[in-house]
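# Summary of the model geometry
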Amino acid sequence: MAIAYGVTHLDDLTSLYCNAISDQITQDKMYKILRQAITFLITNGILTLTENCVNIGSYVELELFLRNYSLRAIPPKWSVKQQQDKNAIFTIDARKVLREALPGNLLINDGRFWSVKTIDQRRKKIIVEELLIQKNSFDVSKIEKNKCFSPEFSFGRFTQEVSFQKMTIQCGDLQIVQKPSVINSYNPVTGFLPIDLKNDHLKVSSDIVFTENSTGIVISFPENILQDVLKHFYFERFHFLRLIAKVLLLEVTRELNISNKELVNSLSWKKGNEAIAIYDLAGPSGNSQKIFLHLELLLRSILNKLVSCDCSVGCGACFGDLAKIFQYNPKTFLLKWLEKVLN
Ligand SMILES: [Zn+2]
């Protein structure tokens, strides 16, 4: 970046980079890091060094380098404000907007209640009005969240793919599109009223779409394998997918040392098109690529742990209480599914 601004002399670069911080120890550390980075870039042909001046070596190499080391974006927070106010009252995680902060929804902050009036998708703003509700008369835990349609996943070019017996895993640039299906609109007199967006005259509201882009994997289950495994519990497939995702992510944390917080997961439970998407939080980081490469190993170690634990529905020694997610013999169904996939 400094080069783009015309700072090319190594001494100038060093002082620009290191002197921003006043304490000597940190400066020394940063100097070391800078030397290492520049050495790496020169040995890879991305930069050149002549008479102590750095310059771009090869634009092709630079582009390749930038493509593989995408800068990670922080997911934007949406600001919540009243129409007349300049400043935000509080902020909401972008991921929660679809479930909690659409027009009609009730938000709580600092013990005050806010009704969402409109949202501005482009500016990432949520306009609210204060609702005067008696704090003691309202049970906060009863706040209802919106429901969403099963998300749509699509891959960019250069997608990698592996197929197991009854499962396909794709990995690459992933786009996840989510839409609300039911909005829980709050009114102090009537309470929560679910508005069904499949209803035609409310189609306007269904323009609210939330798109996420990252690198990820999608595990899809063709050939109605879930129907084979779950039989007459097939209507519970959403919870079964959640169970698989939960167990898999726990194993990812244990075996690959990737924190759950680094990943996002999403489920599609359309009949015959069931899928689990796992993708990197806030842009490509290489985590889901790592899962893709180790998936078979992960599934086998899940199988081993389930088989070698004496419990019936999951316990602290294996994967926790699995009945909380899927109430009907979770362990039995997981084993049945794993045997079909891995055999
Ligand atoms: Zn157990």
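As the structure is a computational prediction, the values presented were derived from the model and not from experiment.

A few words on unusual backbone geometry. Notably, Lys124 is not glycine yet its phi reads approximately 55 degrees, a positive angle. Position of Lys124 among the secondary structure elements: in the loop between strand S6 (112-120) and strand S7 (125-131). A residue is classified by how many C-beta atoms lie within 10 Å of it, and Lys124, with 15 of them, is partly exposed. In this structure, Lys231 is a non-glycine residue whose phi angle is positive, near 50 degrees. With respect to the secondary-structure elements, Lys231 resides in the loop between helix H5 (225-230) and helix H6 (237-256). Classification of Lys231 by C-beta neighbours within 10 Å gives exposed; the count is 10.

This brings us to the domain arrangement of the protein. It is common to report an interface's size as the accessible area lost on association of the parts. Domain annotation of the protein identifies domain 1 (10-68), domain 2 (77-142) and domain 3 (150-181 + 208-342). Domain 1 and domain 3 are separated by 41 Å when their C-alpha centres are compared.

Glancing now at the pairing of strand S3 (residues 77-82). Note: S3 against strand S4 (residues 90-93), four bridges, orientation antiparallel. Of the residues in S4, the one forming a bridge with Ser79 is Thr91. By the bridge criterion, four bridges tie S3 to S7 in an arrangement that is parallel. Paired with Val80 across the strands is Ile126, a residue of S7.

About the criteria used
- Residues numbered from 1 in each chain as written.
- Predicted model: local features only at pLDDT ≥ 70, side-chain atom pairs only at ≥ 80, totals over all residues.
- Helix = DSSP H or I, 4+ residues; strand = E, 2+ residues; numbered from the N terminus.
- Buried ≥ 20, exposed ≤ 12 C-beta atoms within 10 Å, placed from the backbone.
- Domains from an automatic or database assignment.
- Pairing = 2+ DSSP bridges.

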